[in-house]
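Spelled out, the chains give:
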Amino acid sequence: MLHVTKQHIASSEASSIEVDCALYSESFFSNSSIIKTPFACSIVSFIISFIKSCFADGVYRHCFVTIHSIFCGKGGIIFSMERRDKKNYYLDLAEVVSQRSTCLRRHYGAVIVQNDEVISTGYVGAPRQRKNCTDLGVCIRQKLNIPRGERYELCRSVHAEANAIISSSRDKMLGSSLFLVGIEADTGAYVKNAVCCSMCKRLVINAGIEYVYVRDDKDNYREIKVSDWVENDESLEGTLGY
């Protein structure tokens, strides 16, 4: 069992992994409704210790699937998970897609869904056959300290939304929804206030996509009606970045 005291959790020395593991461990072992056989307890302790030892703080959230509850019965250990709501289900898929990204700054994944079917996916990366930023080890926009959302003509990559759109036909995308997830490459945290850039907004509008869903954290997201981007034309206001 992971030995992390409440005093340790309260101190600044405790990482988020240690805190999460300690709270999860305490929740399992103190829950009287769970039948805790020695075998089950040893398995849970091993899982918690393994997670703590193998993943760096912050990055582990990007690839760690939370086990909501563990029940031990006569048939052995049963891992029970709350059923994921549909919007977060598609956002989870977009997050997995983002793991293919080759940008040095932010990893984005996009999934286009029509009638409850995924019709296209895309992640940020250089055009086919060209070298990626991860191959070159340098980002021109980062080198020039260009704020996010600006001067994308200097970027080597095709954005996740654009790659998803060009991988599908417009007749399939009419009235569809696009799910978008952004991850900071250096910390593994979700990109704050993530949204499509001005160029991708134009592509989304012309593709006939009706809604865009953007993840804020693991369970919360924003719903954007694409028609709002038509009515509130930021290009007329000279708005830069996002």
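Thresholds applied
Throughout this document, residue positions are counted from 1 along each chain, in the order its sequence is written. Selection of residues for local features in this predicted model requires a pLDDT of at least 70, selection of side-chain atom pairs for listing and counting requires 80 or more, and totals for whole chains, interfaces and linings are taken over all residues. The basis for every side-chain value is the complete set of heavy atoms in the structure, and neither hydrogens nor water enter the calculation. Think of it this way: any DSSP run of H or I at least four residues long counts as a helix, any run of E at least two long counts as a strand, and we number them from the N terminus. Type-normalised accessible area, obtained with a 1.4 Å probe on protein chains alone, sets the label of each residue: buried when under 20%, exposed when over 50%, and partly exposed for intermediate values. Exposure was quantified through the Shrake-Rupley algorithm and a 1.4 Å probe, taking into account, for residues, occlusion by the shown protein chains and nothing else. For two strands to count as paired, DSSP must find a minimum of two bridges between them. Cavities and pockets are found on a 1 Å grid laid over the protein atoms alone: a cavity is a set of points where a 1.4 Å probe fits but cannot escape, a pocket is an open set with protein on both sides within 12 Å along at least five of seven lines, and a lining residue has an atom within 4 Å of such a point. Grid points are joined across faces, edges and corners, and a volume is the space filled by probe spheres set on the points. Gly is placed with the polar residues, together with every amino acid not listed as nonpolar (Ala, Val, Leu, Ile, Met, Phe, Trp, Tyr, Cys and Pro) or charged (Asp, Glu, Lys and Arg).

**Q** Please provide a residue-by-residue account of the overall build of the chain, values included.
**A** When its secondary structure is counted, the chain shows eleven helices and seven strands. The buried share of the chain, reckoned over its 242 residues, is 40%. When the accessible surface of the chain is split by element, carbon and sulfur atoms take 53% of a total near 14300 Å².

**Q** Outline the pairing of strand β6 (residues 211-215), listing residues and values.
**A** Of all five residues in β6, four are buried; the element is thus mostly enclosed. Judged from the four bridges that link them, strand β5 (residues 177-184) and β6 form a sheet pairing that is parallel. Following the sheet pairing, Ser177 is matched in β6 by Tyr211. The pairing of β6 with strand β7 (residues 221-225) spans five bridges and is antiparallel. If you follow Tyr211 over to β7, its bridge partner there is Lys225. Following β6, the chain reverses through five residues before pairing antiparallel with β7.

**Q** Talk me through empty space enclosed by the protein; I want residue IDs and the actual numbers.
**A** For the coordinates displayed, the defined rule picks out one cavity of 30 Å³ or more. Put simply, the largest cavity is a space of about 290 Å³. Taken together, 23 residues form the lining of the largest cavity, with Cys103, Val124, Arg141, Tyr152 and His159 sitting closest to its centre. For the lining of the largest cavity, the secondary-structure elements that each account for two or more residues are β3 (106-114), α6 (140-143) and α7 (160-166). For the lining of the largest cavity, the class distribution of residues is 15 nonpolar, two polar and six charged.

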